[in-house]
Amino acid sequence: MKFYVTLFFIFGYFYVSGQASDCIDAIVVCGNNTISSNASGFGIQELDAETNVCVTQELNSLWLSVNIAESGTLAFTIQPQDNDLEVDYDFFIFGPDSDCQILESPIRCSTTNPLQAGLTSNFTGLSDVETDQNEGPGELGNAYVSSIPVTAGEHYYILIDRPIGNGGFNLDWTGTAQFLPSPIVSSPQDIEVCYNGGNTIIDLMQNEATITTTPNVNISYYTSYNNAFDNIDAITNPASYSYSGLRNRIYVKVTNPNGCFEIVDFSIISPSFDTPPELSYSTCDTDNDARAEFSILEITSDAESAIQHNLEFNLSLHLSENEAMAGTNAITNPLLTTESTTIYARVISTLNTNCFITYPITLTVNPSEFPAILDLIQCDIDENSSDGFTSINLNQSFPEVDHSTISYYESEANRTSNNAIESPANYTNTLPFNQTIYYKITTVQCENFGEIAIEINPTIINLNSISPVQICDDDLEDSVLESTFDLENIRNNNYAGLDVAFYSNLVDATLEQNPLNGNLRTSATTLYVRLETNNQCQGVEEIELIVNPIPEVILEENYLVCANGEPLRINAPAGYDKYSWFKDADNQFIEIGNDQQIAVSVQGNYILEVEKHYDNNGEVIICTGYTDFTVTTSAAVVIENVDIQKSFNTNTVTVNVIGTDEYEYSIDSENYQDENTFYNVEAGIYTIYARNKNGCGFAEKQISIIGFPKFFTPNGDGNNDTWQLIGVNENTNDQIILIYDRYGKMVYQINSNSVGWDGSINGNDLPESDYWFKMTLNDGNDFKGHFTLKR
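Residues numbered from 1 in each chain as written. Predicted model: local features only at pLDDT ≥ 70, side-chain atom pairs only at ≥ 80, totals over all residues. Heavy atoms only, no water.

(A) Expanded view of helix α2 (residues 296–305). Those residues of α2 that sit buried are Ile296, Ile299 and Ala303. What you see down the axis of α2 is that its buried residues fit within an arc of 65 degrees, all on one side. Those residues of α2 that are exposed and angled more than 90 degrees off the buried face are Leu297 and Ser305. Here the buried face of α2 lies against β23 (280–284), β24 (292–295), β25 (313–318), β26 (335–338), β27 (341–349) and β28 (356–366). (Buried < 20%, exposed > 50% of the residue type's maximum accessible area, 1.4 Å probe, protein only. Helix = DSSP H or I, 4+ residues; strand = E, 2+ residues; numbered from the N terminus. Arc of directions from axis to C-beta. Contact = heavy atoms within 4.5 Å.)

(B) How the structure looks around the pattern of salt bridges. One pass over the structure, following the stated rule, counts twelve salt bridges. Note that Asp474 and Arg521 form a salt bridge whose closest N and O atoms lie 2.6 Å from each other. Here Asp474, found in the loop between β36 (469–472) and β37 (483–486), pairs with Arg521, found in strand β39 (residues 519–522); they are 47 residues apart in sequence, far enough to count as distant. What makes Asp474 partly exposed here is its relative accessible area of 41%. Through salt bridges with shared partners, one network takes in Asp474, Asp478, Glu482 and Arg521. (Salt bridge = Lys/Arg side-chain N within 4 Å of Asp/Glu carboxyl O.)

(C) Geometry of the pairing of β28. Residues of β28 alternate between two faces, with Ile357, Tyr359, Ile361, Leu363 and Val365 buried on one and Phe356, Thr358, Pro360, Thr362, Thr364 and Asn366 left unburied on the opposite face. Bridge analysis of β23 against β28 gives five bridges, and the strand direction is parallel. Bridging across to β28, Thr283 finds its partner in Val365. With eight bridges connecting them, β27 and β28 associate as antiparallel partners. Opposite Val347, over in β28, you have Ile357 as the bridge partner. In textbook terms, the turn of a hairpin is the stretch between consecutive antiparallel strands, and for β27 and β28 this stretch comprises six residues. (Pairing = 2+ DSSP bridges.)

(D) Local environment of empty space enclosed by the protein. Per the counting criterion, the structure on display carries three cavities of 30 Å³ or more. A volume near 100 Å³ is recorded for the largest cavity. Along the wall of the largest cavity there are 13 residues; nearest its centre are Asp274, Ala306, Ile307, Val347 and Ile357. When the residues that make up the lining of the largest cavity are grouped by side-chain class, the tally is ten nonpolar, two polar and one charged. (1 Å grid on protein atoms, 1.4 Å probe; cavity = no way out; pocket = protein on both sides within 12 Å on 5 of 7 lines; lining within 4 Å. Points joined across faces, edges and corners; volume = space filled by probe spheres on them. Nonpolar A, V, L, I, M, F, W, Y, C, P; charged D, E, K, R; others polar.)

Written out as structure tokens, the structure reads:
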């Protein structure tokens, strides 16, 4: 059965774990020390089911080999380290003088299960008070069988296994028999080595005389306890052991001729020099002298913190590698002022003062990125530009630096006492024309100091030759005369290669604040252009920006032209430099004229575009405005027909025309109405008029409404002396009107174009009475009625 064991002696205990073997590799028990084990694993099943009276198999087993040195009783107690009754240990004893290859029935065995047997303990073993030689399995037995009387020279095998549960056990020998003795051993002293890399040859046997006084023993050396216990991979030449610098333990196995052995160990002690840290430090050259201060205290603290076992070592710092190797002239001052250099650390062992290492530490002095003296030329463009005093934006000395990290001072003393200028963005010099300002810039790494040499130049503002720059208003709808100027285009066209900035006022130009860039939308204004070289003011110029209005063209939205009439003449407003008239032709506008006036006779959509030209330094600036309008043609009216509806008392006249425009109508040529129907029209001959409201012509038509008098009085007084139809004209030709008496007898006939009937026949007056008439019209219909003759 395979199992894992580790064997060592502490306070009379025999501990077993790690790798072991089956019966053939059973652990030799020497002395009567307590055995402690947590055997596990499976190997060869060496229990014979036919000869095994306790009926079980090996599980998590451990084999022991016991040689009896003095006769007595063989007895023991197995105590599981976990008192849970589920943890069940069994045992089997073979002998005396059994062969692992042919194991007979065990002379003692116990496979009782504590839980099944109702026991209160999971202890088991051999006892002098028991009489049974085997018990189990399961609920059978009480976990103990009788001890074995043994004789010196006999040999026994003991198999211990754990079929159920987890955990190890302790085995105490309780019998009177004694086992073969182990050699007497002592732990040797540790071997100290100064390891400096590579492989160091060590004699592991140098302290062998102190290990044991037992004669005739075999001593071997191993790099692990398991190898020593299993007697594998022994160090082949312990007198010339190659040491690689790791903290090693060496295990020494001392074995008696009887096979009993003891294992002791010692350490190879070498100062554990950790991998040297890569320490480097950098700081700024604050005053531009290529030197700076480094904290030796900080460097020492960092170097000591890098030592894992710092109580075993001492550390010192040296200016050169030779001094570090010799251990001389250690740096003792807390601060080291130096240029960029390399110093060296010496780490020496307190256990072996001949053992040390050295390593470099880099110190770098970074040159200041800011100049010791900076020139600042400022243009004096205030009210008195010749007095040498002006406003200055000191922050423009360092335009790329965060201004919150800079402080300015009027003297070195003020810088030392940190009495800074309160408003550096609007500072007025206190000395005319030339003054020195002192600065301090604080970065993450350090503070930088320097001077600013200010020079004030009297400056006259000149009008740039490109002035004025003119442009057209770009939005007619906003009622504000403003537009967008392309400052980058002005810069590229007029200041190519120059360092210039645009400002809206002199204060901003002086202090270099609120610069204008890109596109500037503004009304007419003045720009100030600051010219610089290397951030030094060279002058200031003035540029006038003018916004010209967009021409506003006012025409009627809609025009009317009479078809087949005179062309419509449209006049554009005067005062523009160019006129362009366009007509929409299938969504393409075709230019049709360039004069101020145009004649139009075709309806459609039109556009008038006008231009106003401005001189801009020899370049013509064109401001364009436009308006669109519609022309509609209106046709003359045509009277198609006139409907006359007659009734006994009144007549209605409706005029029907051809056309879609708006028309108005008249029956007397003076009074016109929108409605085409006239009501209550008396009989008679009329001329009907229809005319276009747009003034595009009229039409007329004569009509007759036939009527008759209801009575006549032929008495010669000149009033109603004859009777005749009313409204008869050439449209009725000269028709015959037949007159009948009340009895239907025709009494007279007259022509429609005659003066009428005087009420007589052949000179004889007819009597007063009602009479009837009839006349056939041109359309074949009869017109008839009756009237009264009164005397």
